[in-house]
Amino acid sequence: TQLLEQSPQFLSIQEGENLTVYCNSSSVFSSLQWYRQEPGEGPVLLVTVVTGGEVKKLKRLTFQFGDARKDSSLHITAAQPGDTGLYLCAGDPGNTGKLIFGQGTTLQVKP
Amino acid sequence: SAVISQKPSRDICQRGTSLTIQCQVDSQVTMMFWYRQQPGQSLTLIATANQGSEATYESGFVIDKFPISRPNLTFSTLTVSNMSPEDSSIYLCSVEGISGRDYNEQFFGPGTRLTVL
């Protein structure tokens, strides 16, 4: 059972386009994290959302936490080739201290 | 944030042999974790490395195959034993509790890319 459904799994777009990645669950999360991973490196934490309905912005990246704290989205405006990478959402639905990860979204931004 | 290093960064090994991966953090941390990741795919938790006690393994992973040590609050090792080609993967360590916030935020090492022939 995949507790965090992430979509789409693959996305190939042109530079300048916008995109949204979704992370959905039937479980309630006290917080959700978004990570970005480049080839040959470990995942890097981008943001943590903790409050239902919360919106956080990181330059061209906008993160939203659903009102019920069961889903989250990542929106990138005017994507650039430097945004290319694997995006992962993660959370701890049972407050076990262990994270579960979504399947990941591989983003390719073509110049 | 802390600096997390892993050794080796990559290795090519023969089947039947064992490889020990080291994870070093430049500050004391409570929680350390070991993950496996196929290239381009998501992360699967192998175990939680507990300081001063045995590691806690996830379903599908056993101590005989993946023995873990955690001798202190800054260091851990993961051994991949009696390797087969199916063990070829990226192995990542992560730590929690360094951000000062109680949100299960984890910070990752750069990973060890293992190829078993």
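Residues numbered from 1 in each chain as written. Chains lettered and ligands numbered in written order. Predicted model: local features only at pLDDT ≥ 70, side-chain atom pairs only at ≥ 80, totals over all residues. Heavy atoms only, no water.

Engineer: What's the story with the overall build of chain A in this structure? I'm lost.
Structural biologist: When helices and strands are counted, chain A shows 0 helices and 11 strands. When the helices and strands of chain A are placed in sequence order, the string is β-β-β-β-β-β-β-β-β-β-β. Relative to the globule expectation of 13 Å for 111 residues, the C-alpha radius of gyration of chain A, 13 Å, shows essentially globular dimensions. With 111 residues in all, chain A has 44% of them scored as buried. In chain A, the proportion of contacts linking residues at least 24 apart, taken out of those at least 6 apart, comes to 54%. With an accessible surface of roughly 5200 Å², chain A has 49% of that area assigned to carbon and sulfur atoms. (Helix = DSSP H or I, 4+ residues; strand = E, 2+ residues; numbered from the N terminus. Rg over C-alpha atoms; globule rule 2.2 N^0.38 Å. Buried < 20%, exposed > 50% of the residue type's maximum accessible area, 1.4 Å probe, protein only. Contact = heavy atoms within 4.5 Å. Areas by Shrake-Rupley, 256 points an atom, 1.4 Å probe, with all protein chains shown as cover.)

Engineer: What should I look at first to understand the environment of Ser7 of chain A in this one?
Structural biologist: Residues and elements named next belong to chain A. Tracing the chain through its elements places Ser7 in strand E1 (residues 5-7). What makes Ser7 partly exposed here is its relative accessible area of 32%. Filtering out sequence-adjacent residues up to four positions away, Ser7 remains in contact with Val21, Tyr22 and Thr105.

Engineer: When you look at the pairing of strand E6 (residues 55-58) of chain A in this model, what are you seeing that I'm missing?
Structural biologist: Residues and elements named next belong to chain A. With 4 bridges connecting them, E6 and strand E7 (residues 61-65) associate as antiparallel partners. If you follow Val55 over to E7, its bridge partner there is Gln64. Remark: 2 residues form the turn of the hairpin made by E6 and E7, two consecutive strands paired antiparallel; Lys59 in that turn has positive phi of roughly 55 degrees. (Pairing = 2+ DSSP bridges.)

Engineer: Sorry if this is basic, but what is going on with the pattern of salt bridges here?
Structural biologist: Side chains that carry opposite charge are capable of pairing whenever their charged atoms lie near each other. Per the counting criterion, the structure on display carries 5 salt bridges over all chains. For Arg60 of chain A, the salt bridge goes to Asp83 of chain A, with nearest N and O atoms at 2.9 Å. Linking Arg60 of chain A in the loop between E6 and E7 with Asp83 of chain A in the loop between strand E8 (71-76) and strand E9 (85-91), this pair joins segments that are 23 residues apart in sequence. For Arg60 of chain A, a relative accessible area of 24% puts it in the partly exposed group. Between Asp87 of chain B and Lys65 of chain B there is a salt bridge, with its nearest N and O atoms 2.6 Å apart. Here Asp87 of chain B, found in the loop between strand E8 (75-80) and strand E9 (89-96), pairs with Lys65 of chain B, found in the loop between strand E6 (56-57) and strand E7 (68-72); they are 22 residues apart in sequence, far enough to count as distant. Accessibility assignment for this pair places Asp87 of chain B and Lys65 of chain B in one class, buried. (Salt bridge = Lys/Arg side-chain N within 4 Å of Asp/Glu carboxyl O.)

No statement about biological role is implied by the geometric values presented.
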